[in-house]
Amino acid sequence: MNLITEHNIQLVIFDMDGVLTQTARLHAQAWKKMFDEYLQKREGDNFKPLKIETDYKEYIDGIPRFEGVRAFLNSRDIALPEGSPQDYPDQKTIYGLGMRKNALFLDLLEKEGIHVYEDTLEIIKDLKKDKIKMAAISSSKNCQAIIEKAGLSHYFDAIVGGITSEKEDIKGKPAPDIFLYASKQIDIAPDKAMVIEDAISGVKAGKDGKFALVVGVARNNDKDNLREAGADIVVQKLTELKTK
């Protein structure tokens, strides 16, 4: 890939959900089911359901789970007790709703399995062959387990997920902290690193972190939104980068 040489890229940081693995769709389904069930019980049959193409992308996609719960509820002017990480999935708290979403996601994951995008697999194999460092990041606490089950862990020099973020107090996207943390683990400066993201919050984080290149992956034809968020390059499949 010419852009690797032209920009002196020594590290490529991949978001997991929607870039590496086809789990973004499962996350969206779990969020919708959780919130629609909650809203229907709260407001009756006249409830306004969560819309994936707008609500999910604006308030939830790419950010840590409990921040997503807070952001969406705030958008509906709904106030709930914070609760605690020990809350059960049926409790009407921020943490309770977050735990319910995670239970639904894990159930979907068990039923459908983990699938890796073929175009991404081709690219990471090429990068590995060219001895380019790679990192995988996600706000999900399931990040490490999913990457291991997908058979991808040996490709990456660093994996930073939600568990690490919580332990190290790393701010979630659109703050650039998780990308900066990953680059620091490999000791490569952001101006020599490329970020690959499918979420608007992730693209904004990459730009704010002053990374050399931010690539937006528009798997659902949302190219304009990714460009507006600041992506330097937008593709539908990562194999398109081979011609750039």
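These lines cover the structure that appears in this document, whether it is placed above or below. (Residues numbered from 1 in each chain as written. Predicted model: local features only at pLDDT ≥ 70, side-chain atom pairs only at ≥ 80, totals over all residues. Heavy atoms only, no water.)

1. Considerations on the overall build of the chain
Secondary structure assignment for the chain yields 11 helices and six strands. In summary, the chain has a C-alpha radius of gyration of 18 Å against a globular reference of 18 Å for 244 residues, a match within 12%. Principal-axis analysis of the C-alpha atoms places the extent of the chain at approximately 55 × 35 × 30 Å. Taken across its 244 residues, the chain has 52% of its residues classed as buried. Total accessible area on the chain stands at roughly 11,900 Å², and carbon and sulfur atoms take up 45% of it. (Helix = DSSP H or I, 4+ residues; strand = E, 2+ residues; numbered from the N terminus. Rg over C-alpha atoms; globule rule 2.2 N^0.38 Å. Buried < 20%, exposed > 50% of the residue type's maximum accessible area, 1.4 Å probe, protein only. Areas by Shrake-Rupley, 256 points an atom, 1.4 Å probe, with all protein chains shown as cover.)

2. Here's the deal with the side chain of Thr-23
If you trace the backbone, Thr-23 turns up in the loop between strand E1 (11-15) and helix H2 (24-43). Engagement of the side chain of Thr-23 in a polar contact is seen with the side chain of Asp-17, the distance being 2.3 Å. Thr-23 has contacts with Asp-17, Phe-105 and Leu-109, leaving out every residue within four places of it along the chain. (Polar contact = N/O pair within 3.5 Å; in protein donor to acceptor, adjacent residues only side chain to side chain. Contact = heavy atoms within 4.5 Å.)

3. Observations regarding helix H6 (residues 118-129)
In a regular helix each residue adds 1.5 Å, so 12 residues correspond to 16 Å; H6 covers 17 Å between its end C-alpha atoms and thus fits that length. Taken residue by residue, H6 has Asp-119, Thr-120, Leu-121, Ile-123, Ile-124 and Leu-127 as its buried positions. The secondary structure elements touched by the buried residues of H6 are helix H1 (2-6), E1 and strand E2 (133-137). Lys-131, located one to two residues past H6, shows a positive phi value of around 65°. (Expected span 1.5 Å × (residues − 1).)

4. Observations regarding the packing of aromatic side chains
Considering all chains together, one arrives at five aromatic pairs under this definition. Taking the centre distance of 4.3 Å and the plane angle of 40° together, the rings of Phe-66 and Tyr-95 count as tilted. With Phe-66 in helix H4 (residues 65-75) and Tyr-95 in helix H5 (residues 94-112), this residue pair connects regions lying 29 residues apart in the sequence. Grouping residues by exposure puts Phe-66 and Tyr-95 together as buried. Through pairs of rings, three or more aromatic residues link up here, namely Trp-31, Phe-35 and Phe-72. (Phe/Tyr/Trp six-rings, centres within 6.5 Å; stacked < 30°, edge-to-face > 60°.)

5. Re the packing of H2 against H5
Two numbers describe how H2 lies on H5: the axes approach to 8 Å, and their chain directions differ by 135°. Compared by their axis directions, H2 and H5 come out oblique. Between H2 and H5 lies a crossing whose hand is right-handed. Where H2 abuts H5, its residues Arg-25, Leu-26, His-27, Gln-29, Ala-30, Trp-31, Lys-33, Met-34, Phe-35, Glu-37 and Tyr-38 lie against Leu-97, Arg-100, Lys-101, Leu-104, Phe-105, Leu-108, Leu-109 and Glu-112. Partitioning the contact of H2 with H5 into residue classes produces 11 nonpolar, two polar and six charged. (Axes fitted to C-alpha atoms, helices over the stretch in contact; angles between N-to-C directions. Parallel < 35°, antiparallel > 145°, perpendicular 65-115°, else oblique. Left-handed = near helix turned anticlockwise from the far one by under 90°. Nonpolar A, V, L, I, M, F, W, Y, C, P; charged D, E, K, R; others polar.)

6. Comments concerning the environment of Ile-132
Looking at the element boundaries, Ile-132 is found in the loop between H6 and E2. Classification of Ile-132 by relative accessible area gives buried; the value is 14%. Separated by 120 residues in sequence, Ile-132 and Val-12 place their C-alpha atoms 7.4 Å apart. Setting aside chain neighbours within four positions, we find Ile-132 in contact with Ile-4, Ile-9, Gln-10, Leu-11, Val-12 and Leu-127.

7. So, the pairing of E1
Within a regular strand, the side chains alternate between the two sheet faces. Across the five residues of E1, five count as buried, placing the element largely inside the fold. Here E1 shows two buried faces, one formed by Leu-11, Ile-13 and Asp-15 and the other by Val-12 and Phe-14. Both E1 and E2 contribute to a ladder of five bridges, which runs parallel. Bridge pairing in E2 places Ile-13 opposite Ala-135. For E1 and strand E4 (residues 193-197), the ladder comprises four bridges, and the chain directions are parallel. The residue of E4 that forms the bridge with Ile-13 is Val-195. (Pairing = 2+ DSSP bridges.)

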